[in-house]
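# An overview of the molecular structure
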Protein chains: 2
Amino acid sequence: MRKKAYKKLKSLLGARCLEDKLGRLQYSYDATQRMYMPDVVVLPESTNEVSKIMKIAYEHNVPVVPKGWGSGFTGGSLNVEGGIAISLEKMDKIVEFDKDNLMIWVEAGLANYDLQEFLEPYGLIFPPDPSSWKFSTIGGNIAENAGGPRAVRYGVMKDWVKGLEVVLADGTIMQLGSKNIKDVAGYDLVDLIVGSEGTLAIVTKALLRLYPKPEHKKTIQMVFDDMKKAARTVSFIMRNKIIPTSMEFVDRDAIMAVEDALHIGLPTNADAILILEVDGNRAEVEENAETIEALCKNADGVIRFRIAKDEKEAEEIWVARRTISPTLKRIADGKINEDIVVPVSKLADMIDASQKIAKKYELKIVNFGHAGDGNIHVNIMYDTNDEQQTKSALKAMDDIFTACLSLGGSITGEHGVGITKKDYLERQVGGDVMELYKRIKKAFDDRNILNPGKMGL
Amino acid sequence: MRKKAYKKLKSLLGARCLEDKLGRLQYSYDATQRMYMPDVVVLPESTNEVSKIMKIAYEHNVPVVPKGWGSGFTGGSLNVEGGIAISLEKMDKIVEFDKDNLMIWVEAGLANYDLQEFLEPYGLIFPPDPSSWKFSTIGGNIAENAGGPRAVRYGVMKDWVKGLEVVLADGTIMQLGSKNIKDVAGYDLVDLIVGSEGTLAIVTKALLRLYPKPEHKKTIQMVFDDMKKAARTVSFIMRNKIIPTSMEFVDRDAIMAVEDALHIGLPTNADAILILEVDGNRAEVEENAETIEALCKNADGVIRFRIAKDEKEAEEIWVARRTISPTLKRIADGKINEDIVVPVSKLADMIDASQKIAKKYELKIVNFGHAGDGNIHVNIMYDTNDEQQTKSALKAMDDIFTACLSLGGSITGEHGVGITKKDYLERQVGGDVMELYKRIKKAFDDRNILNPGKMGL
């Protein structure tokens, strides 16, 4: 059955249909390091071709997994049931740049970075800035509803995607959404598809809203003697009605790992560092920075408060946040990296729970991330050669999810569910909601061929 | 069949189940002035009661229409197929006010105005401010994804609803969403239900984000000698990266109607007035107002530019916009009021088209509305005693929709589809998308008992 489909794909796409092992290997993994070989890889160049591919897959009931550059952390783009990997990499063009409406139509395979580069000369930005922005694609960002440090002020993908061109499982091409700022005609399928991890439709093009590049910004560093005090300061700032652009944090172990690797003079007596950025027009930035200084300089637990005087100092401040991931290997070779999120007011409680879990299992748990969103990257470190530690790490992860859910949190703030968290989704949303998800999935994809096995569906 | 259900409802709710004609009459109409009698009206006091009502309706296959205060313009809350009217009016409480996370859980029957009153002493606002805010409910605002003048800067309901408690057609109660600022676990059912006009589920409670009340604002009036120049100025301001809080417009006939009724000294040589409001902290407001003055004071077509010096002057400026609807009766007794929306860059083209259509049918078409969103309230005026004019008005409406869609617009920016526009939705979104809507509707409501006959479903 599947072989017939692959034969048709080969004759449709020729050299853009990869059947050899080496070709397929390149599309068999993502940032989870797990590996699932697709039977065949196709590289369409247009929405029409995607539609033709889907018609073949639908006819022969073959699973299809859409892919960008494979930077996902939850296995969302892996062919867990084999079948067809459909890479959008050749669909990376800017289709229409509408300066009058500050919007742009792009193909899904365009890298976030390439979009930002294109916009730079026009003084515009596309606000969502996931850490993977240099290589992750707009299509992938849409699939996971990606955020990034700027999300505190500017929100996530969903806030910036106005329209989509998609292909359904049976090959139907649909244009959804519009350039209209307000539009309440019919169900909002754009917002349903953003964040649906490639399970409802294949996004081939997206209409994105753009934003004027903020003229000014200020970067602020606050060093704390206690992580929980840092967490409390985050909600204190929000409660005082200041909404910074970014509000990132790193905990003690993250600071030590970075300092140990780079010797950049990070305060080794610190339990946590908060990094804030405010942006906007000059007056707004000055006023917000002053307010934050007045509120926080002498706040409980603050042992250093610094506003960067120039771009160079700002960069120095950011180094402590940006270089964590690569330096964590100094702690242990194994790492379970989660992206739980809790209401901002519960951040200190979650950090407390994480510290207790670390003690219970005698493991290092390094926390850093987007404090302003309550979005914590929890890194459970373990020695992969130590069987006991490996088991403990998995148990610790389970405890982390339990603690997070009991605080009203979510198992994922920006990485998605994919395969790595599929067993936890029902615990969060409940059985009735899972059943409704399945019925919605069926409304889009009655043969369950689009990215099957993801999100517990 | 239905009678059995009504008997059960009576024994469940007693005096809160209205069966008499006078009682039902009060729930038989909305702002469209059309009238459909429900067979029975129920007034639940809790989500559990709503669930019990739905279980009865589901068992006996009886249509159920959820209602707020009936201020809708498209018939969304009318019992077009009879059955049960379920008014949420007794569910009007504030459930949980979470100052730390700037969020609030409220019952769906709470009036928008009562929420704003509650928030006032805390220096907070709920940004969506539909013109009906004094009497429309949060549940109704959610059903239509309502906007309002502030939407240019603050967005619409969807941007501020973080969670919902809903009851499905079969009585299942679901908690959707969370206080987490970012949350990508599962499909986003909150964003799907907001704007679904009561066809997917009955919203009983909502978790809303709040916002600090802007400390300062400035109101600007610009008078133009040509409506199209005013429209062009709107996109000119946006292109220059200024995003005001509100950007409203009124056209010549609207100005004349207001002046004729109130004699407040509106410039009778004007073809259009733009009203802008900027808000935020003092520095931001000053800078934005100055930039707008520099950009627009001598712009093409501006015959008067005025920044209100105080609250009293601001009120005077707003009168021209706020009093239009009641004064339109001076032009003619019949009015078809639509809320089309076009991309902001197409505003001038749409006004042009509307003027040509008015000429073609020899009718007055008065335009006003939310220029900053491209959202135009088109009012086709006609004499209801003149059969020819009445026919022409309907034809003109059809032409307006055709022109709007050909400019990439939408048939509704904030009023919804309901029954008045159900024949136009397919023209906008296409047959394939309509089929998908129907499959999604079925995933929620397999017996089609929730608000049937709306949105062309």
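Just so it is clear, the structure is predicted and the values come from calculations on it, not from any experiment. (Residues numbered from 1 in each chain as written. Chains lettered and ligands numbered in written order. Predicted model: local features only at pLDDT ≥ 70, side-chain atom pairs only at ≥ 80, totals over all residues. Heavy atoms only, no water.)

What follows is about the packing of aromatic side chains. Enumeration according to the criterion identifies 16 aromatic pairs over all chains in this entry. Ring centres of Tyr187(A) and Tyr437(B) lie 5.3 Å apart, and the angle between their planes is 70°; this geometry places the pair in the edge-to-face category. With one member in each of two chains, Tyr187(A) in the loop between strand E9 (173-177) and helix H7 (189-193) and Tyr437(B) in helix H16 (residues 431-444) form a pair that bridges those chains. Accessibility assignment for this pair places Tyr187(A) and Tyr437(B) in one class, buried. (Phe/Tyr/Trp six-rings, centres within 6.5 Å; stacked < 30°, edge-to-face > 60°. Helix = DSSP H or I, 4+ residues; strand = E, 2+ residues; numbered from the N terminus. Buried < 20%, exposed > 50% of the residue type's maximum accessible area, 1.4 Å probe, protein only.)

Attention now moves to the environment of Gly456(B). Residue and element names in this part refer to chain B. Inspection of the secondary structure puts Gly-456 in the segment after H16. Sequence-wise, Gly-456 and Lys-421 are 35 residues apart; in three dimensions their C-alpha atoms are separated by 8.5 Å. For Gly-456, the contacting residues outside a window of four places in its chain are Lys-422, Met-434 and Lys-438. (Contact = heavy atoms within 4.5 Å.)

On to the interface of chain A and chain B, then. Residue-level contacts link 83 residues of chain A with 82 residues of chain B. When chain A packs against chain B, close to 6000 Å² is buried across both sides, 61% of that on carbon and sulfur atoms. The largest per-residue losses of area from chain A upon contact with chain B belong to Lys182(A), Val184(A) and Tyr187(A), which jointly make up 17% of the total buried on that side. At the boundary of chain A with chain B, the tally comes to eight salt bridges. Here Lys182(B) and Glu414(A) are joined by a salt bridge, their closest N and O atoms 2.8 Å apart. The tally of links between chain A and chain B comes to 23 residue pairs in polar contact (both at pLDDT 80 or more). Listed by contribution, the elements that provide at least two residues to the side of chain A that touches chain B are E9, H7, strand E11 (211-212), helix H8 (227-239), helix H10 (282-296), helix H15 (422-429) and helix H16 (431-444) of chain A. Tallying contributions element by element places H16(A) first for the side of chain A that touches chain B, with nine residues. Of the residues in the side of chain A that touches chain B, the class split is 37 nonpolar, 25 polar and 21 charged. (Buried area = accessible area lost by both parts, 1.4 Å probe. Salt bridge = Lys/Arg side-chain N within 4 Å of Asp/Glu carboxyl O. Polar contact = N/O pair within 3.5 Å; in protein donor to acceptor, adjacent residues only side chain to side chain. Nonpolar A, V, L, I, M, F, W, Y, C, P; charged D, E, K, R; others polar.)

This part covers unusual backbone geometry. The phi dihedral of Leu102(A) is positive, around 50°, even though this residue is not glycine. Mapped onto the fold, Leu102(A) is located in the loop between strand E5 (94-98) and strand E6 (103-107). Residue classification places Leu102(A) among the buried positions, given a relative accessible area of 12%. With phi around 50°, His263(B) is a residue other than glycine that occupies positive phi space. Secondary-structure assignment places His263(B) in the loop between helix H9 (252-262) and strand E14 (272-280).

With that settled, the discussion passes to helix H13 (residues 347-361) of chain B. Side chains that are three or four residues apart share a direction in an α-helix, a result of its 3.6 residues per turn. Residue and element names in this part refer to chain B. Look at H13: 21 Å from first C-alpha to last across 15 residues, which is about the 21 Å you get at 1.5 Å a residue. Within H13, burial applies to Leu-347, Ala-348, Met-350, Ile-351, Ala-353, Ser-354, Ile-357, Ala-358 and Tyr-361. Buried residues along H13 sit in contact with helix H8 (227-239), strand E13 (246-251), strand E16 (334-341), strand E17 (364-370), strand E18 (375-382) and helix H14 (387-406). Where H13 ends, the next residue or the one after it, Glu-362, has phi of about 50°, a positive value. (Expected span 1.5 Å × (residues − 1).)

A separate point is the sheet that holds E5(A). All names here are of chain A. Pairing in this open sheet of five strands is antiparallel, and the strands run E5-E6-E10-E8-E9 from one edge to the other. With one partner strand each, in any of the chains shown, E5 and E9 form the two edges of the open sheet. Adjacent strand axes in the sheet meet at a mean angle of 10° when their direction is disregarded. Alignment of strand E8 (residues 161-167) against E9, held across five bridges, turns out to be antiparallel. By the bridge assignment, Leu-164 is partnered in E9 with Leu-176. (Pairing = 2+ DSSP bridges. Axes fitted to C-alpha atoms, helices over the stretch in contact; angles between N-to-C directions.)

With that out of the way, let us pick up the domain arrangement of chain A. All names here are of chain A. The domain boundaries assigned to chain A delineate domain 1 (2-87), domain 2 (94-212), domain 3 (214-321) and domain 4 (331-452). The C-alpha centroid of domain 4 is placed 26 Å from the C-alpha centroid of domain 3. Counting residues at the interface gives 17 residues for domain 3, matched by 20 residues for domain 4. Regarding the contact of domain 3 and domain 4, the summed buried area is about 1400 Å², with carbon and sulfur atoms giving 66% of it. At the boundary of domain 3 and domain 4, one finds two salt bridges. (Domains from an automatic or database assignment.)

Before going further, it helps to spend a moment on the side chain of Glu165(A). Note that Glu165(A) resides in strand E8. Within the structure, Glu165(A) has its side chain in polar contact with the side chain of Gln175(A) (distance 2.6 Å).

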